[in-house]
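For reference, the chains in residue letters:
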Amino acid sequence: MFKLSVKIVEIPVIGSLIIWSLKKQNKMIEMLRNTVIPEPPMFKPEFPPQEPEPGVAIVDEDGKPEDRVELALKCLPHHDPATLWNEDSATSFRYWKIRDYAHAYRAKLVTPSAVAEHVISVIKEFQEKKPPMPLLISFDEKEVRKQAAASTRRFEEGCPISILDGIFVAIKDDIDLHPYPSKGGTTWLHEVRPVRKDAVSVSRLRSCGVVFVGKANMHELGMGTTGNSPNYGTTRNPHALDRYTGGSSSGPAALVACGICSAALGTDGGGSVRIPSSLCGVVGLKTTYGRTDIGGALCDAGTVEIIGPITSSVEDSMLVYAAILGSSPEVRISMRPSLPCLPYLSSHESMDVLGSLRLGKYTEWFNDVHSTDVSDKCEDILSLLSKAHGCEVMEIVIPELHEMSVAHIVSIGCEAQCGLNPYVNDGKGERSSYDLRTNLALFGSFSGSDYVAAQCLRQRIMHHHMEIFKKVDVIVTPTTGMTAPKIPPSALKHGESNLQVSGYLMRFVIAPNLLGLPAISVPVGYDKQGLPIGLQIIGRPWAEATILRLASAIEELCVKSKKQPASFYNILRAK
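- Taking an unreviewed UniProt entry as the reference, the protein is identified by name as Amidase domain-containing protein belonging to Rhizophora mucronata.
- UniProt's Sequence similarities (unreviewed entry) comment on the protein is quoted here verbatim: "Belongs to the amidase family."

Right, here's the structure in full:
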């Protein structure tokens, strides 16, 4: 029935009438074509000047990535990897941090080459699993061994490049990583778009000595929230193999949650870093639009998408963020970003800053969830924050949510359609999955005036949020309105289109994409079925330091409740 409905929608006249009817039912026609929107269009995020953040270290974005990582290292609290290495891991679960790997390499407890063999072995095991659990779309064990051997030599010679040297990182399949192809989860994109060099963010990580494991699985062209992939197989949630990881950065989140990689890079145009991070129990950072250079990603001409890290801890997110940050020359001219900075997490001043934060909470959002397990856990963490650090939780109202949703879908849809038109019109669209074809049919129905109307709405909604940020420092929400949904067996072969699930997963993540605001998802616990729950922190423009500081405090409050995923590999200490 799903296949039949897609084919009907693609019939020129009949399909157009069906889509027009659906848009009318959802009041999109009325909003975009029959409503006077007084605001002028805002074709990409524009921000008023922002006050400097307190308790931070200013970062030189023109400097070397390894120097920025060294500065980030100095901002972190004390950590004793030697003691932790000898602790009984059976007493409580925790992920190995990047600093743990660095200690093990420097103390000659293990080498990057030895860890590479463990990684290769596990990835091969995943390729043969039943049910299939494909994590990577492109993988070359010779390439992994070559990078690991080079890192091992640097440690033997006593000259590692940075704390990231020898750290294993996965790259989402829509970000260029030479010599791998960028398929974007399709079966055809690499045939028309060759990869000649690394994406900017990948190049910056490479200069720090990381070992890239390959191109991670994803929802085709990022056009989905579950991670379903009929083309390469659907990645399974490490906490429950019958559940989705969330999307579209499904492979990156699963690789980190499984313990195979310390970090991964994903793209986020509609929650695609934060949704899978929440569902898989890891940390996902969406930076301010323009803070990182998106050059070399499939979406590098859009206005809602960024490249951001997925890690197992906030401090690892901070280290990777320090490596990849740096605006493009065009952004510096047009947006005039505030200087990038990192929070000092170990000083008394940091605690004072934390206690002065005002957290905006929209109660309607906390009530609009699939299960009260999600809202109850997030409410508990806010109460703990207030008691432990003195943060003030303030009630706010976020108006015109439906308008925001419409403006986002039109913006991301038109931008995606513009980039894909040359290939889709050439017949490649017929080789795409059915849910992608459904989205393309919808996106193709938007007119130029629809796009302009959406940008007028963007301006209006930006004003609402800037008014809110005059009263609060951050906005806190559940990351998703539900925990990881079950994978219908029928969806594995041909995909699915479940708007109810998509609605719950995307409900709270849209504003940072449409408005370009920074946001982070941090795990705060589990529902009654043992599935992870994430809390989202949305910051003012350019305020990555503030959301990282608050996320670190939340992580500390939740450290004792951490559970090991059902599918987990102790890569660093594998026998």
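## What about the packing of helix α18 (residues 401–424) against helix α20 (residues 448–468)?
Any two packed helices are characterised by how steeply their axes cross, that is the angle between the axes, and by the distance between the axes.
Line of reasoning, step 1. Look at α18 against α20: their axes get within 9 Å of each other, and the N-to-C directions meet at 130°. Here α20 runs oblique to α18, going by the angle between their axes. Along this stretch, α18 crosses α20, giving a crossing that reads as left-handed. For the pair formed by α18 and α20, the contact residues are Glu403, Met404, Ala407, Val410, Ser411, Cys414 and Glu415 on the first element and Asp450, Tyr451, Ala454, Gln455, Leu457, Arg458, Ile461 and His465 on the second.
Line of reasoning, step 2. Within the contact of α18 with α20, the residues separate by chemical class into 8 nonpolar, 3 polar and 4 charged.

## Thoughts on the pairing of strand β6 (residues 240–244)
Line of reasoning, step 1. When strand β5 (residues 236–237) meets β6, the two strands line up antiparallel, connected through 2 bridges. In the strand pairing of β6, arginine 236 is matched with tyrosine 244.

## Points about the sheet that holds strand β2 (residues 136–138)
Line of reasoning, step 1. Spatially, 11 strands are ordered β2-β4-β3-β7-β9-β8-β14-β15-β13-β11-β12 in an open sheet, and the strand pairing comes out mixed. Both outer strands of the open sheet, β2 and β12 (392–395), are each paired with one neighbouring strand and no more. On average, each strand axis in the sheet is inclined to that of its neighbour by 35°, with strand direction left out of account.
Line of reasoning, step 2. Bridge count for strand β11 (residues 358–361) against β12 is 4 bridges, and the pairing is parallel. The residue of β12 that forms the bridge with leucine 359 is valine 393.
Line of reasoning, step 3. Set on the sheet, helix α24 (residues 544–558) makes contact with β8 (283–286), β11, β13 (474–478), β14 (519–526) and β15 (532–539); between it and β14 the angle comes to about 10°.

## Side note on empty space enclosed by the protein
Rolled over the atoms, a probe as big as a water molecule pinpoints where empty space is left.
Line of reasoning, step 1. Here the structure, examined in full by the defined rule, presents 1 cavity of 30 Å³ or more.
Line of reasoning, step 2. The space that makes up the largest cavity amounts to roughly 80 Å³.
Line of reasoning, step 3. Taken together, 13 residues form the lining of the largest cavity, with Tyr95, Trp96, Tyr101, Gly259 and Cys261 sitting closest to its centre.

## Notes on the packing of aromatic side chains
Line of reasoning, step 1. Applying the stated criterion across every chain yields a total of 14 aromatic pairs.
Line of reasoning, step 2. Site record: aromatic cluster; members linked through ring pairs are Phe93, Tyr95 and Phe568.
Line of reasoning, step 3. The ring centre of tryptophan 85 lies 4.4 Å from the NZ or CZ of arginine 573, which sits over that ring.

## Considerations on unusual backbone geometry
Line of reasoning, step 1. For the bond from histidine 178 to proline 179, the omega torsion is 15°, close enough to zero to count as cis.
Line of reasoning, step 2. With respect to the helices and strands, proline 179 occurs in the loop between β3 (168–172) and α9 (189–192).
Line of reasoning, step 3. Backbone torsion omega between glycine 247 and serine 248 reads 10°, so that peptide bond is classified as cis.
Line of reasoning, step 4. Turning to its location among the elements, serine 248 is positioned in the loop between β6 and α11 (250–257).
Line of reasoning, step 5. In this model, lysine 27 sits at a positive phi of 60°, which is unusual for a non-glycine residue.
Line of reasoning, step 6. Within the chain, glutamate 400 stands out as a residue other than glycine whose phi angle is a positive 55°.
Line of reasoning, step 7. With respect to the helices, strands and loops of the structure, glutamate 400 is situated in the loop between β12 and α18.
Line of reasoning, step 8. Exposure remark for glutamate 400: the relative accessible area of 21% places this residue in the partly exposed category.

## Details of the nonpolar core
Line of reasoning, step 1. Counting residues in hydrophobic clusters, the biggest one holds 160 residues, and the most contacted among them are Leu164, Leu205, Ile260 and Ile554.
Line of reasoning, step 2. At 9 residues, α20 tops the list of elements feeding residues into this core.
Line of reasoning, step 3. Apart from residues no more than four positions distant in its own chain, leucine 205 is found in contact with Leu164, Val169, Val210, Phe212, Leu265, Val320, Ala323 and Ile324.
Line of reasoning, step 4. Formed by 8 residues, the second largest nonpolar core is a distinct cluster that contains Ile275, Met482, Tyr504 and Leu505.

## Description of helix α22 (residues 499–506)
Line of reasoning, step 1. If you check which residues of α22 are buried, you get Val501, Tyr504 and Leu505. An end-on view of α22 places all buried positions within 95° of arc, on one side of the element.
Line of reasoning, step 2. Residues of α22 that are buried make contact with α12 (274–280).
Line of reasoning, step 3. A side-chain oxygen of the first residue of α22 lies 3.2 Å from the backbone nitrogen of glutamine 500; this N-cap is asparagine 498.

## Here we look at the layout of surface pockets
Line of reasoning, step 1. Counted as a void, the second largest pocket has a volume near 1200 Å³.
Line of reasoning, step 2. Surrounding the second largest pocket, 45 residues form its lining, Arg94, Lys97, Glu555, Glu556 and Val559 being those nearest its centre.
Line of reasoning, step 3. Of all elements in the fold, only α5 (81–85), α13 (314–324), α15 (348–355), β14 and α24 reach the threshold of two or more residues within the lining of the second largest pocket.
Line of reasoning, step 4. Top contributing element to the lining of the second largest pocket by residue count: α24, with 7 residues.
Line of reasoning, step 5. Partitioning the lining of the second largest pocket into residue classes produces 19 nonpolar, 14 polar and 12 charged.

Each value, and the rule that gives it
- Residues numbered from 1 in each chain as written.
- Predicted model: local features only at pLDDT ≥ 70, side-chain atom pairs only at ≥ 80, totals over all residues.
- Heavy atoms only, no water.
- UniProt positions renumbered as here; feature names shortened; annotations may be inferred.
- Axes fitted to C-alpha atoms, helices over the stretch in contact; angles between N-to-C directions.
- Helix = DSSP H or I, 4+ residues; strand = E, 2+ residues; numbered from the N terminus.
- Parallel < 35°, antiparallel > 145°, perpendicular 65-115°, else oblique.
- Left-handed = near helix turned anticlockwise from the far one by under 90°.
- Contact = heavy atoms within 4.5 Å.
- Nonpolar A, V, L, I, M, F, W, Y, C, P; charged D, E, K, R; others polar.
- Pairing = 2+ DSSP bridges.
- 1 Å grid on protein atoms, 1.4 Å probe; cavity = no way out; pocket = protein on both sides within 12 Å on 5 of 7 lines; lining within 4 Å.
- Points joined across faces, edges and corners; volume = space filled by probe spheres on them.
- Phe/Tyr/Trp six-rings, centres within 6.5 Å; stacked < 30°, edge-to-face > 60°.
- Lys NZ or Arg CZ within 6 Å of the ring centre and 35° of its normal.
- Buried < 20%, exposed > 50% of the residue type's maximum accessible area, 1.4 Å probe, protein only.
- Core = buried A, V, L, I, M, F, W, Y, C linked by side-chain atoms within 4.5 Å.
- Arc of directions from axis to C-beta.
- Polar contact = N/O pair within 3.5 Å; in protein donor to acceptor, adjacent residues only side chain to side chain.

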